[in-house]
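The primary structure of each chain is shown beneath.
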Amino acid sequence: MKKKKCIAMLLAGGQGSRLGKLTTNIAKPAVSFGGKYRIIDFGLSNCVNSGIDTVGVLVQYKPLILNRYVGTGESWDMAVADGGVNILPPFAGETGGEWYEGTADAIYHNIDFIDMYDPEHVLILSGDHIYKMDYNLMLQEHESNNADLTVSVIEVPWEEASRFGIMTADEDGRIVKFSEKPKKPDSNLASMGIYIFKWKSLRKALLDNHDKEDSSHDFGNDVIPKLLADKKKLFVYRFQGYWRDVGTVKSYYDSQMDLMDDMEHINVFTKDMKVYSNSNYYPPQFLGPNANISDSLICNGCTVYGSVKHSILGSGAVIGDGAVVEDSIVLPNAIIGRNCKVKNAIVNEGVIMEDNLDVINEDGEVAVYGRAKLSI
């Protein structure tokens, strides 16, 4: 096996309970986003755009759709013999089978996979963030600092800092303190959950952590504080672009509205840092004689007979005659019947909405209509 400079491990096993009905039948990274994408597309696309051709995708909660969607990684140009995309579910060992107990535990159970490539560095990613990032820039800084760990951070408003894991760094960018959701933060550098480790340093830290019975086996709660206590070289990498954790229905909705309203910061149409997807098999969209569409993203395979304003229609969605959809997100293959009114809503994947039904959320509230009926 060819030795790799850097491989990525993408944590995609989360249940995403705060997304409610959106994740009843599907893992959070596999939830539809922006019409033709799924959330995991952003992390995988960042990898291929950064020249990282070996990615382990760690799955756990309801992995069927995610497994089928990712497949061999061909859609992200990573179907290579010496690397590529590898789906890594929990498995039975000498002591039996067990679920991953935390983010660090998930990586620990895949040490053998990482060892096969004997990498110098390991990039740890979360599968539920929306952003476009060149990991090479972060890796260059990591190497120039000879760091054991580099944590990507983003400046957040001070009034929101207590919601995040906060890194306090000196003038050289070296981390001197880590606080998990502090009540009185002394920094506004929020961890993005993106880490680059020296593999030798991470391997030792995982082995040490696994033997601690009182550990939650988590990077933020356990591994990073221990590395700080051991005086290891930890640095921040300041990211300047768009980044959003879509862990709630509100943030999921808002980040998709940003695709239309904030293209200066998050633009899926640019050819550089392209966002790849495995949703290219739909036919062209069809617009009926009375269709009225404005300020919207309409994906391939959609059929529109009614009106759509400032909304996103996922691939294969159908909008019936006389229906009005406004400020909403219609996920793939959902069917909205005739004369329906939908406003400030998310219509779940594959849902069939009967004729003459209204789903209207006032006062800026956002709700999810229906449980997903998945067909991929």
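Preceding this paragraph is the structure being described.
Conventions we followed
Residues numbered from 1 in each chain as written. Predicted model: local features only at pLDDT ≥ 70, side-chain atom pairs only at ≥ 80, totals over all residues. Heavy atoms only, no water. Phe/Tyr/Trp six-rings, centres within 6.5 Å; stacked < 30°, edge-to-face > 60°. Lys NZ or Arg CZ within 6 Å of the ring centre and 35° of its normal. Buried < 20%, exposed > 50% of the residue type's maximum accessible area, 1.4 Å probe, protein only. Helix = DSSP H or I, 4+ residues; strand = E, 2+ residues; numbered from the N terminus. Pairing = 2+ DSSP bridges. Axes fitted to C-alpha atoms, helices over the stretch in contact; angles between N-to-C directions. Salt bridge = Lys/Arg side-chain N within 4 Å of Asp/Glu carboxyl O.

Student: Even after reading the chapter, I still don't get the packing of aromatic side chains, so can you show me in this structure?
Tutor: Both the distance between ring centres and the angle between the ring planes are used here to describe each pair of aromatic rings. Going through the model one piece at a time under the given rule, you end up with 10 aromatic pairs. Chaining the aromatic ring pairs together yields one cluster made of Phe 33, Tyr 37, Phe 42 and Tyr 252. Just above the ring of Tyr 69 sits the side chain of Arg 38; from NZ or CZ to the centre is 5.3 Å.

Student: Explanation requested: the pairing of strand S11 (residues 189–198) in the structure shown.
Tutor: Along any regular strand the residues' side chains alternate between the sheet's two faces. Most of S11 is tucked away: 9 of the 10 residues are buried. Sheet topology note: the strand S6 (residues 121–126)/S11 ladder contains 4 bridges and is antiparallel. Bridge pairing links His 121 to Lys 198 in S11. Pairing geometry for strand S9 (residues 165–169) and S11, over 2 bridges, is antiparallel.

Student: Sorry, what's going on with the sheet that holds strand S15 (residues 292–294) here?
Tutor: Where strands meet in a sheet, backbone hydrogen bonds hold them as pairs that are either parallel or antiparallel. Spatially, the 5 strands line up as an open sheet ordered S15-S18-S21-S24-S27, and their pairing is parallel. Every interior strand has two partners, whereas the edge strands, S15 and strand S27 (358–360), have only one. The average undirected angle you get between the axes of adjacent strands in this sheet is 5°. The pairing of strand S18 (residues 307–309) with strand S21 (residues 324–326) spans 3 bridges and is classified as parallel. Among the inter-strand pairings, Val 308 is bridged to a residue of S21, identified as Val 325.

Student: Honestly, the pattern of salt bridges in this entry has me stumped. Any pointers?
Tutor: Should the charged atoms of two oppositely charged side chains come close, the side chains can pair. For the coordinates displayed, the defined rule picks out 15 salt bridges. Residue Glu 143 is joined to Lys 5 by a salt bridge in which the shortest nitrogen-to-oxygen separation is 3.3 Å. Pair noted here: Glu 143 is in helix H5 (residues 135–144) and Lys 5 is in the segment before strand S1 (6–11), with a separation of 138 residues, a long-range link. Since its relative accessible area comes to 32%, Glu 143 is described here as partly exposed. Classification of Lys 5 as partly exposed rests on a relative accessible area of 43%. One network of salt bridges, in which partners are shared, links Arg 244, Lys 250, Asp 254 and Asp 258.

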